Amino acid sequence: MTGRKATGRKAQDDRTAGYALLTPTLVVLALALAAPMLLLLVYSLKSQTGITIGGDLTWTQYQAVLGRASYRTLFWRSLAISGAVTLVTLLLAYPMAYFVAFHVKRAKFLWLIALTIPFWTSYLLRVFSWKVILGFNGVINSALMRLGLVDAPLEFLLYNPFAVVLTLAHAWAAFAILPIYVSLEKIDRSLLEAATDLGDGPWRRFRRITLPLSMPGVIGAAVLIFVPTTGDYVTPELVGGPKGAMLANAIEAQFNSVGNWPMGAALALVSMTGVALVTAAFVLAARAATRAIR
Amino acid sequence: MKRHGLLAYALFYLAFLYVPGLLLPLFSFNDSQFIAFPLSGFTTRWYAGLAADGAMQQALANSLKVATATALLSTLLGLTAARAVTRYRLRAKGAILGFIALPLFIPDIVLGIALLLLLAALALPLSLAGVVLGHMLVCIPLSMTVLIARFEGFDRNLEEASADLGENGWMTFWRVTFPLMLPGILSSLLLTFITSFDEFLVAYFLSGGSATLPVYIWGQLRFPERLPMVLALGAIILTVSVGLVALAEVLRNSGVKADKRRVGA
């Protein structure tokens, strides 16, 4: 009969129904994502004198952003802080994920719940609690003074890049634990047995089998942590001080206190592009390294 | 030996995760304006202060409104889109999914300022509606992640059986697809609700005069004398969130178990 033709038509109808179902979501995203990002681009190409925004398109803002040494410092510092956060978070989380994946037998689910519960507190208050811990009159200092271990409060704990790294390594821990756990859990246990049978010791076995096979989870977690933390505003604002300020603080200042939106838009786009390039380079390098250690 | 070392490390790490959060409830009952040891005595006056704080309650009401609207809209849009990409063979599926997931890779501050520019370009005032729009950007991909996993795990034969037995498309959806999807829908609602309820930066740029709870808390952090009340508020949020998450996990598990029963029957 006309089976083939009818099937083709049905597939076509099906596809139309599929696109129809997608339309509302795509319309909302076109309005709330594509249009605003285009506007951001347009704004970044404008000039501003006083509070008047010029009509012509110009590269002025980009020249200003790229030419200003303070922004370059801020850019590299943000990358360095986020890079350190990523590294510290991964190093702390890996043994934890390894423990749950390989050494917990029955209560895996309970461990995973226990590891995620702290992340259901307000993000603001989680960051703020570190200010309370590290501050001049904070928990650590008041405890040390009370115990008589120091005479005056330690001032180096708060308002520096170290405080930002510590706070973010705490705030983003779940984003490292879960992907690494998933990739470790997927590893075929018979591969490990085979390695042992063939004479590999535990360390050699870990380096040759477990680590390379868990690398996709590690790389995924790295991107998941690195990209958003480069744009974090709350943590540097609360615990960073002047030496720990990051890109988002400068962008926010252009939009609020300074009131130069075109400049803020250019700074945001340059930052995002820079972060995207560095991230892409990192992912390629990490994949190559994984192949090399195998 | 190695096992004990790892267990010790795991417990140490767990303490690192929990201690900062547990300071909030601890100092919220401490009878001193200063957040420092030693503790001065037990009080519930910070909680009493919260009950009398009209601005906080207004902010809480705003946040509940925003989070409810965001959860419902994101889950509805996530549901239709997840259905479309799992049920039909679409061209450019990868590109579409990438576009939907894009906001997860854009820093919140950029989403906030870009939406601020949109509202300015359309000459619209700052409002909670703008905050909902911003939160939906982040919540739609989250909702889709939950729902796609659910759609992919389910048996299409059940829908075909329903059609063979004479139900039309709409009734099949209501009587077969929807009940099977319900656990996924509930966890999507919960995840998007909590995400929106906790979101600060987008709301900071877009809420204007009507602060959400995180924006209100941000304002309070500047005033040392207001801190114990903020901690009390944090302790309440923590308790309610943990309760909700526990409920969600129970629901999720009961959903899985019900599926297993159905398959077994």
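In this text the structure is predicted, and so the values were computed from the model without any measurement.

Enquirer: Got a minute to help me understand the overall build of chain B in this structure?
Expert: A tally of helices and strands in chain B yields 11 helices and 0 strands. Reading the helices (α) and strands (β) of chain B from amino to carboxyl end gives α-α-α-α-α-α-α-α-α-α-α. Each principal axis of the C-alpha distribution contributes one length, and for chain B these read about 70 × 65 × 35 Å. With 265 residues in all, chain B has 48% of them scored as buried. Looking at chain B alone, contacts between residues at least 24 apart form 71% of all its contacts between residues at least 6 apart. Accessible area for chain B stands at about 12,600 Å²; split by element, carbon and sulfur atoms hold 69% of it. Averaging the positions of the 19 positive and the 14 negative side-chain charges in chain B gives two centres separated by 5 Å.

Enquirer: What exactly am I supposed to notice about the nonpolar core here?
Expert: In globular proteins that are soluble, nonpolar side chains generally tend to be buried together. With 164 residues, the main nonpolar core has M96, L184 and V234 of chain A together with Y13, L213 and I217 of chain B as its most contacted residues. Broken down by element, this core gets its largest block of residues, 16 residues, from helix 3 (residues 69–102) of chain A. Residues in contact with I217 of chain B, not counting those within four places in the same chain, are L124 and L125 of chain A together with V230, L233 and I237 of chain B.

Enquirer: I would appreciate a short explanation of the confidence of the model for chain B in the present structure.
Expert: Of the residues in chain B, 94% have a pLDDT of 70 or more, and the chain-wide mean is 86. Our summary of model confidence lists the complex with pTM equal to 0.86 and ipTM equal to 0.85.

Enquirer: Please explain the packing of helix 3 of chain A against helix 4 (residues 108–116) of chain A as it appears in this structure.
Expert: Geometrically, a packed helix pair is captured by the angle between its two axes and the distance between the axes. Residues and elements named next belong to chain A. Where helix 3 meets helix 4, the closest approach of the two axes is 9 Å, and the angle between their N-to-C directions is 155°. Classified by the interaxial angle, the pair formed by helix 3 and helix 4 is roughly antiparallel. Of the two possible hands of crossing, helix 3 and helix 4 adopt the one that is left-handed. Of the residues in helix 4, those touching helix 3 at M96, F99, V100 and A101 are K108, W111, L112 and L115. Class assignment for the residues of the contact of helix 3 with helix 4 results in 7 nonpolar, no polar and 1 charged.

What counts and what doesn't
- What you see as residue numbers is a count from 1 along each chain, following the sequence as written.
- Starting at A for chains and at 1 for ligands, labels are handed out in the order in which the entities are written.
- Given that this is a predicted model, residues contribute local features only at a pLDDT of at least 70 and side-chain atom pairs are listed and counted only at 80 or more, while totals for whole chains, interfaces and linings are drawn from all residues.
- Side-chain numbers come from the whole structure's heavy atoms, not from hydrogens or water.
- A run of DSSP states H or I qualifies as a helix once it reaches four residues; a run of E qualifies as a strand once it reaches two. Both are numbered from the N-terminal end.
- Residue exposure (1.4 Å probe, protein chains only): buried if accessible area is under 20% of the type maximum, exposed if over 50%, otherwise partly exposed.
- Contacts: residue pairs with any heavy atoms within 4.5 Å of one another.
- Computed with the Shrake-Rupley method and a 1.4 Å probe, the accessible areas treat only the protein chains shown as cover for residues.
- Here Asp and Glu are counted as negative and Lys and Arg as positive; His is not counted, and neither are the chain ends.
- To locate a charge, the coordinates of NZ of Lys, CZ of Arg, CG of Asp or CD of Glu are taken.
- We define a nonpolar core as any set of buried Ala, Val, Leu, Ile, Met, Phe, Trp, Tyr and Cys residues linked to one another through side-chain atoms lying within 4.5 Å.
- Residue-level confidence of the predictor, termed pLDDT, takes values from 0 up to 100.
- Here, axes are lines fitted to C-alpha atoms. For helices the fit covers the stretch in contact, and angles between N-to-C directions go from 0 to 180 degrees.
- Any angle from 65 to 115 degrees is called roughly perpendicular, while one under 35 is roughly parallel, one over 145 is roughly antiparallel, and all others are oblique.
- A clockwise turn of the near helix away from the far one marks a right-handed crossing, whereas an anticlockwise turn of less than a right angle marks a left-handed crossing.
- In this classification, the charged set is Asp, Glu, Lys and Arg, the nonpolar set is Ala, Val, Leu, Ile, Met, Phe, Trp, Tyr, Cys and Pro, and all remaining amino acids, among them Gly, are polar.

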